[in-house]
There are 2 protein chains.
Amino acid sequence: MLKKYVYMFSEGNADMKDLLGGKGANLAEMTRIGLPVPPGFTITTEACNLFYKTGEKLSEEVKKEIYTYLEKLEKKTGKFFGNKINPLLVSVRSGAKISMPGMMDTILNLGLNDETVLGLAEKTQNERFAYDSYRRFIQMFGDVVLKIKIYKFENLLEKMKKNNGFEEDTQLTAEHLKELVKQFKKIVKKEIGEDFPQDPKKQLLMAVEAVFSSWNNPRAIAYRKYNEIPNDIGTAVNIQSMVFGNMGNDCGTGVAFTRNPSTGEKKLFGEFLMNAQGEDVVAGIRTPKSIEQLKEISPKLYEQFVKITEILENHYRDMQDIEFTIERSKLYLLQTRTGKRTALAAIRIASDLVHEGLIQKEEALLRIDSKQLDQLLHPTFDTQALKQAKVLAKGLPASPGAASGKVYFSAEKATKVAKNGEKVILVRQETSPEDIEGMYAAQGILTARGGMTSHAAVVARGMGKCCVAGTSTIRVNEQKKEFIVAGKTYYEGEYISLDGSTGKVYLGKIPTVEPSISGYFQEIMQWADDIRRLKVRTNADNPKDAATAVKFGAEGIGLCRTEHMFFNEERIPAVRKMILSKTRQQREKYLAELLPMQKEDFKEIYIQMGERPVTIRLLDPPLHEFLPNQEQEIKTLAQSMEVSFDELKDTIESLKEFNPMLGHRGCRLAITYPEIAVMQTRAIIEAAIEISLEKGWKIKPEIMIPLVGSVKELQNVKKIIVDTIDEILQNKKIDLTYLVGTMIEVPRAALTADEIAKEADFFSFGTNDLTQMTYGFSRDDAGKFLREYEEKEILDQDPFSSIDQIGVGKLVELAVKLGRKEKSNLKIGICGEHGGDPTSIAFFHKVGLDYVSCSPYRVPIARLAAAQAKIINK
Amino acid sequence: MLKKYVYMFSEGNADMKDLLGGKGANLAEMTRIGLPVPPGFTITTEACNLFYKTGEKLSEEVKKEIYTYLEKLEKKTGKFFGNKINPLLVSVRSGAKISMPGMMDTILNLGLNDETVLGLAEKTQNERFAYDSYRRFIQMFGDVVLKIKIYKFENLLEKMKKNNGFEEDTQLTAEHLKELVKQFKKIVKKEIGEDFPQDPKKQLLMAVEAVFSSWNNPRAIAYRKYNEIPNDIGTAVNIQSMVFGNMGNDCGTGVAFTRNPSTGEKKLFGEFLMNAQGEDVVAGIRTPKSIEQLKEISPKLYEQFVKITEILENHYRDMQDIEFTIERSKLYLLQTRTGKRTALAAIRIASDLVHEGLIQKEEALLRIDSKQLDQLLHPTFDTQALKQAKVLAKGLPASPGAASGKVYFSAEKATKVAKNGEKVILVRQETSPEDIEGMYAAQGILTARGGMTSHAAVVARGMGKCCVAGTSTIRVNEQKKEFIVAGKTYYEGEYISLDGSTGKVYLGKIPTVEPSISGYFQEIMQWADDIRRLKVRTNADNPKDAATAVKFGAEGIGLCRTEHMFFNEERIPAVRKMILSKTRQQREKYLAELLPMQKEDFKEIYIQMGERPVTIRLLDPPLHEFLPNQEQEIKTLAQSMEVSFDELKDTIESLKEFNPMLGHRGCRLAITYPEIAVMQTRAIIEAAIEISLEKGWKIKPEIMIPLVGSVKELQNVKKIIVDTIDEILQNKKIDLTYLVGTMIEVPRAALTADEIAKEADFFSFGTNDLTQMTYGFSRDDAGKFLREYEEKEILDQDPFSSIDQIGVGKLVELAVKLGRKEKSNLKIGICGEHGGDPTSIAFFHKVGLDYVSCSPYRVPIARLAAAQAKIINK
């Protein structure tokens, strides 16, 4: 049998995307189920590949087949190609299997020439319409087929309007358009040295070749490379008979959603214009009518339309975005596709479709983009107000939400004015743990440096607070209390607004809209919980975050950092004295001062969490982070410690490090200063005992040791912890179950996870640090070149946002395998920033982790993503 | 058959170490080959294990067997245990399979009591000798068996001497010693509540039990744990009949080496004393005679002795260290073991033994401790002078050799005074690339901070220059030009001396001895070269180092860093302007200034290396390392660049990084500033072309890209390099073969080595950085806690000195496997500091690398270690 390169729409179906492309298969499918689609045919992707095999020319075989199908189309439509009286006009559209920007899009009105235009005018009794269509056709064909710069046509159009004092295209008469057609044809002649092709068949073959050629233009190649789309799948071409919504008052065109794309309500949502083309609906010169008003114009058409939307929804089992045209009172569908929707709508539609029996819960969950859920949990800017706002700069969308406030440049000042009721935006070069209080007080945080996992970004996400980070175009001068952007200076007290979901920084105040959580949301989350295997915990260091996370469905705390607790104003003096102590005795004295406060921290957190598991990490950052830098602060501290300024400054200096990220931190602190670990262990355990007794609960604390690289480090610190606990329990004659586990965040820990598993009750991957060390990227510095890396396509994505599966991920997989080989029931989780990223969550599900832990506001996202991962990998 | 727990020496042999322990097997072997060993028997290690099984008691079965063997011993010696007239006296010694300090060592003269002492006196006609022996026995037995504090005996001895106005023990008469024996027995009675045991059999059983018990004393347990010796192998006990060198003038004792342990000369080397005990030879009160003088005393004995040494050498096929005793003109051997020797001797002996036909070349090579070779390549301190020297401090033995000089605290000053002929020791807090010239000018380098792979250590080793690093007890004040140690201040211009092999810092000037390389050395190296599979290259950045390395046998350059070239006084201004350029054009202008200088660098190196391969690494450190810190320097630079001081300072500030180790460096520089890579490539290739033409050589440069973490980085930079080379070769119409490879020093590169291998002509492991990132240790900071880690036994060794085989090594193995899977003939080397460490070299051999590259002075060590690795793994 001869190979078949062309299919009528009526010969195909939705499953033939490989051969017919996405658009072709879709048109075929609608035809197949009996919907009124203007007839047409598709030239296959195989014809495209043949085109390249035969030196970028259409083979005679294919040409012949096209002609055959053209005849079939003429028969079907009763119109004829090149016929003066009843001309067949067609659109030519590209359509690969995967929708691909960069390729040729559309040519309309093909088949028009100096003769058929007359037929069209005659047939429609509308000369202006006919010449306008011709003029548009020459322009489109000139642009995409003949490669003539489009401005050459547009200049002539503008000139024509200007000469006549017109504002709008619509003011041009048939005569004007006739003249333009002449001028356009002249340009073509001048540019390509030939007359504009008058033979419709020639027009068609040229257009088909242009589509095939566009498959290999540089933009399309780059897009495929970047998206890892194979080069050899080719594109199809769709030839469809034209229908017109602008032939007269019995014509029209419109778009509609089968449900409300903003709210999800099950009610047709759309608009149309009579005697208009698609672009008129979008242009907004005439006010479109709502879809219900079609009933007034033609109850029959409206009824037919409603029926069609029902068929489409039932067929595609999802809300559809439909384009339609009415030509001479006849309804045609030009396109249907799954409609884009807000998060709110996505959730409601998914839920409704399940209740309507159209889809299963699993499919409903897969329909929701988990990343979109952020919209539901954070305030957003009022859409109208936003249109007027001036964008000052664009940084990284580090933590979602929208906020307006007055600019302040120090945490102290921010805290102070916020207490007086002012709305504050904290602006910093970058933030550090000392800024925590100021960040709490602020509505939002803006930084000039740092990436998606910088301190500001991580902490803000934890707080559910809006943050724009790494805004490299602004220069912040904290001393002068100002920032400069594009040569203009902005001072303390001026209003700005931040959109943490887009990274945009606006001048002035913009009203925000508060989010509301619907019953649909709760229902979807419940379904997700029923399905998922991964548990979802939260990263929380304080009772407020813990409570928020529980509200969002967190099943425990996967990471309770203890360092933020040390920065509290009341404690920092004791912390500093402890660090600068010369002897263990002295250090223990200050630690004893800290013990009751630290214990109180944990009690408050336990109260919020009930009997849910709480993993508390021992002190992690290098001690110099807690020390003062300012001369005055050092002086004060020296006085209260009764040492000389010089001596204290010397000590502080000697604690500094070249690469603090790889420095004296994590378990290395507990090994060299075991007394710190002893104090923290006491606080964790005594708090657990007291709350357990008070509430009648069984609290089972999980103590986590950071930055372990070798099993001996773990053994050493574990012994300190276990000895301390044994002593407490013996003294109190009480029993308490607890776990001692380790972070896996140093590559060596992953490589030797079998040895480490012997000593660990659980593993928790710290994929932030693991990424830093595996890639050799300092997340505080890498922002500078990572952006250039993304531009140069060296990195597909920021490895701190979504886990690098082939590098860092290989270590994670290896550690899971080695760890479970040693201890088959080893509990393994992840508490890095990746715990809230859906793609990463899918990976963690696949490699068999037990839980992910993420910031409170990411908990719902993680719950949904975990369920999706389970469904996909079933 | 009943289990046998006791063996006569004549029943055993050298292969029975498991059962008889090392010493027992050795005594058995000597007995077996007919050497005059005092007869005795060994109680096996199995008896020791039984002892622990039966509640730390000797079982009746073992006791009975001991008695049986005692009788055999009596028969063999003709002496009898507890016999008044002809008493058998024995020594009791522990002896595990592996020699183990911390266990009980020796009890002599066992069998003496109030009666047998009389017999001994009568038989030897020497009452003083008999009571002195008895007195010593009670003291030893009291100490190690009865656990009586030894000072209680020593006090009495001192008192006795003092009361009599004696200085030496030898002045005590028989009467004094009789009195002492009485007093000693009283002490025993007082301390243990019982009389000193008079029954020799009881003495023997108690001593055996004491040996077995000592197997589990805390010191022995700790030693086994640290050295990973199993706890269940147990110790044997050796019971040997006593011979005495101090019974009269026909008695004597001595030690001898079968060859000269300092020079290796094949000539007996040793000394002896007549009428003396072993400890008298060591104590140095009487001057011992040289072994040749034995000929004068008894030609027959001397002849016998020479004969025996020949038998021993032939038997053990190595130089022996022998202890002997002459009792009543009869020669006895008490011990033989392989003798310790200097590197010089080790090489000569190994060579001689091969020529004598005693051993094969392979065995000869294994006999030499490759680490010891350092002694042969560097000056050492005069041994006598060293004895008088005062040790000021002890740091890390960072680069071997010995040096004296005046202290200077800045590279500039050091360079200046060195030009005037002064010998200089450069003392710095730590060094940085700016100090290179000063380091060259200095005799040695002393730093207060930094570890074995700190800048100072690495660079000094490269230069073959003595360096003591990380001397944490000294406080250096570079501004005040002084350093303080133990409260005392030392100023600029004072003399100190450094021993880079021990890490000791001495006050004042100590004369040094220059090394000399012998023909033996050349011969051994030739054998090593014939055998080894691993190639040995060198790390060298300049013609001087390259020449040194070639002299030492380097087969190429494995790592030519280019950053040191940038610090040169003439170039640094252009380098700085290049870095601070605002535009690519500006940067290219300054790079053009650098090009001819850089080209000259490479030409000089090629000239030294001939056609040997030279691997040149593109610029690696973060650019801020090249920028000035001092206000004055910044001002000067700002003027010459015609920008404002503030602006320049701002720019410099903005380039600083939190963690430069993980920062904007390595290939990241080439990606963001491709023009730097272009300039370096031009310099490398044009230099190669010019020298090739000039000399008629075929130079094949190897360009190495640092810090690659993903294949896309490699692709990006490789393209820059290849494009640049293509252009040069096309312009010059010339052909040149070159390689483009990558460092594997980022964990991710190792994890994705299969992908990376697709683009790389070779791999070179940078195990310094790989260790930093895999462990999460900053080598500039880790010194602070790594020492504590070693003390707490968390680390067995500094992972920067010897590769961590189970963690970092796993990545190396994985990368080799993945790389070769993709490209089976991929050339793989290592150019980190571990390239000169014998243990690491053995590992690199095993995992299949093609070459190691190390600093010039380590090349001979690497050649030998590579051969040893091949022999062992054959």
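Residues numbered from 1 in each chain as written. Chains lettered and ligands numbered in written order. Predicted model: local features only at pLDDT ≥ 70, side-chain atom pairs only at ≥ 80, totals over all residues. Heavy atoms only, no water.

Counted only if it meets this: UniProt positions are given in the numbering used here, feature names are shortened, and annotations may be inferred rather than shown by experiment.
For chain A, an unreviewed UniProt entry supplies the name Pyruvate, phosphate dikinase and the organism Garciella nitratireducens DSM 15102. Its UniProt record gives chain A the following Cofactor (unreviewed entry) comment, quoted word for word: "Mg(2+)".

**Quick word on the overall build of chain A**
Here is the rule we go by: In DSSP terms, a helix is any run of H or I states spanning at least four residues, a strand is any run of E spanning at least two, and both are numbered starting from the N terminus. Between buried and exposed lies partly exposed: a residue is buried under 20% and exposed over 50% of the maximum accessible area for its type, with that area taken using a 1.4 Å probe on protein chains only. Residues count as neighbours in contact if any of their non-hydrogen atoms are within 4.5 Å of one another. Areas reported as accessible are Shrake-Rupley estimates using a 1.4 Å probe. Residue values count occlusion only from the protein chains shown. Residues counted as positive are Lys and Arg, residues counted as negative are Asp and Glu, and His and the chain ends are not counted. Charge positions come from single atoms, namely NZ of Lys, CZ of Arg, CG of Asp or CD of Glu.
Scanning chain A from N- to C-terminus turns up 36 helices and 31 strands. Each principal axis of the C-alpha distribution contributes one length, and for chain A these read about 105 × 60 × 55 Å. Going through the 874 residues of chain A one by one, you find that 58% of them count as buried. Long-range contacts, defined here as pairs at least 24 residues apart, represent 68% of the contacts in chain A between residues at least 6 apart. Of the roughly 36200 Å² of accessible surface on chain A, 49% is carried by carbon and sulfur atoms. Separation between the mean location of the 122 positive side-chain charges and that of the 120 negative ones in chain A comes to 3 Å.

**Details of a negative patch on the surface**
Our working definition: For patch building, the residue pool is restricted to those with more than 30% relative accessible area and no salt bridge; the joining distance is 9 Å between like charges and 5 Å between nonpolar side chains (Val, Leu, Ile, Met, Phe, Trp, Tyr). Basic side-chain nitrogens of Lys or Arg form a salt bridge, by our definition, when they fall within 4 Å of a carboxyl oxygen of Asp or Glu.
A cluster of like negative charges, contributed by Glu412, Glu434, Glu437, Glu569 and Glu570 of chain A, occupies part of the molecular surface. Of note, Glu434 of chain A is situated in the loop between strand 15 (424-428) and helix 18 (436-441).

**Regarding the pattern of salt bridges**
A full pass over the atoms with the stated rule returns 119 salt bridges over all chains. Across the pair Glu363 of chain A and Arg317 of chain A runs a salt bridge whose closest N-O atoms are separated by 2.8 Å. Residue Glu363 of chain A is found in helix 14 (residues 361-366), and its partner Arg317 of chain A is found in the loop between helix 12 (299-316) and strand 9 (320-327); the two are separated by 46 residues along the sequence. For Lys599 of chain B, the salt bridge is made with Glu686 of chain B, and the minimal N-O distance between the two is 3.1 Å. One end of the pair, Lys599 of chain B, is in helix 24 (residues 584-609); the other, Glu686 of chain B, is in helix 28 (residues 674-695), with 87 residues separating them in the sequence. Residue classification places Glu686 of chain B among the buried positions, given a relative accessible area of 8%.

**Some words on the relation of the copies chain A and chain B**
We apply this condition: Least squares is used to superpose the copies, and the fit set is the C-alpha atoms of residues whose pLDDT is at least 70 in both copies.
Here chain A sits on chain B after a turn of 180° about the axis and a move of 0.0 Å along it, with an RMSD of 0.4 Å. These values place the two chain copies in the arrangement generated by a two-fold rotation axis. Every residue of chain A has its C-alpha some distance from the rotation axis, and the shortest such distance is that of Asn659 of chain A, at 2.0 Å. The overlap is high: 100% of the interface residues of chain A also sit at the interface in chain B, so the same surface is used on both sides.

**Considering the domain arrangement of chain A**
Counted only if it meets this: Those domain boundaries reflect an automatic or database domain assignment.
Here chain A is partitioned into domain 1 (243-341), domain 2 (378-513) and domain 3 (532-560 + 579-615 + 667-872). Between the C-alpha centres of domain 1 of chain A and domain 3 of chain A the distance comes to 54 Å.

**Quick notes on the packing of helix 5 (residues 127-144) of chain B against helix 7 (residues 174-192) of chain B**
Residues and elements named next belong to chain B. For clarity, the cut-off: Angular values range over 0 to 180 degrees, each being the angle between N-to-C directions of two axes fitted as lines to C-alpha atoms, with helices fitted over their stretch in contact. Note on angle classes: values under 35 degrees are labelled roughly parallel, values over 145 roughly antiparallel, values of 65 to 115 roughly perpendicular, and the remainder oblique. Each crossing gets its handedness from the near helix: less than a right angle anticlockwise from the far helix is left-handed, clockwise is right-handed. Classes in brief: Ala, Val, Leu, Ile, Met, Phe, Trp, Tyr, Cys and Pro nonpolar; Asp, Glu, Lys and Arg charged; the others, Gly included, polar.
Orientation of helix 5 relative to helix 7, taken along the N-to-C sense of each, is 20°, at an axis distance of 9 Å. Classed by the angle they form, the pair helix 5 and helix 7 counts as roughly parallel. Helix 5 and helix 7 meet at a crossing whose hand is left-handed. Side by side, helix 5 and helix 7 meet where Glu127, Arg128, Tyr131, Asp132, Tyr134, Arg135, Ile138 and Gln139 of the first sit next to Ala174, Glu175, Leu177, Lys178, Leu180, Val181, Phe184, Lys185 and Val188 of the second. Partitioned by chemical class, the residues of the contact of helix 5 with helix 7 number 9 nonpolar, 1 polar and 7 charged.

**Regarding the UniProt feature "binding site: substrate" (unreviewed entry) in chain A**
Residue and element names in this part refer to chain A. UniProt annotation of "binding site: substrate" (unreviewed entry) refers to Arg561, Arg617, Glu745, Gly766, Thr767, Asn768 and Asp769 when read in the numbering used here. With respect to the helices, strands and loops of the structure, Arg561 is situated in the loop between strand 25 (557-560) and helix 22 (563-566). Classification of Arg561 as buried rests on a relative accessible area of 15%. With residues up to four places along the chain from it excluded, the contact list for Arg561 reads Val458, Asn539, Ala540, Asp541 and Arg617. Its location among the elements puts Asn768 in helix 32 (residues 767-775). Not counting the four nearest positions on each side in its chain, Asn768 is found in contact with Arg779, Phe800, Gly832 and Glu833.

**Topic: the environment of Thr253 of chain B**
Residues and elements named next belong to chain B. Let me state the cut-off plainly: Think of a polar contact as two N or O atoms within 3.5 Å of one another; within protein, one of them needs to be a possible hydrogen donor and the other a possible acceptor, and neighboring residues in sequence only count if both atoms come from side chains.
Looking at the element boundaries, Thr253 is found in strand 6 (residues 252-257). Spatially, the C-alpha atom of Thr253 lies 49 Å from that of Gly783, the residues being 530 residues apart in sequence. Side chain to side chain, Thr253 and Thr325 meet in a polar contact 3.3 Å long.

**Topic: the interface of chain A and chain B**
Note the following rule: By convention, the term buried area covers the 1.4 Å-probe accessible surface removed from two parts as they join, with the contributions of both added.
With 53 residues of chain A at the contact, the number on the chain B side is 53 residues. Looking at the side of chain A facing chain B, the largest losses of area belong to Phe658, Leu662 and Arg748 of chain A, adding up to 14% of the total buried there. Inspection of the region where chain A meets chain B yields 6 salt bridges. We note a salt bridge from Asp796 of chain A to Lys712 of chain B, for which the minimum N-O separation is 3.1 Å. Contributing elements (two or more residues each) for the side of chain A that touches chain B: helix 26 (645-655), helix 27 (667-672), helix 29 (711-732), helix 30 (747-751), helix 32, helix 33 (783-791) and helix 34 (808-822) of chain A. In the side of chain A that touches chain B, the residues fall into 19 nonpolar, 13 polar and 21 charged.

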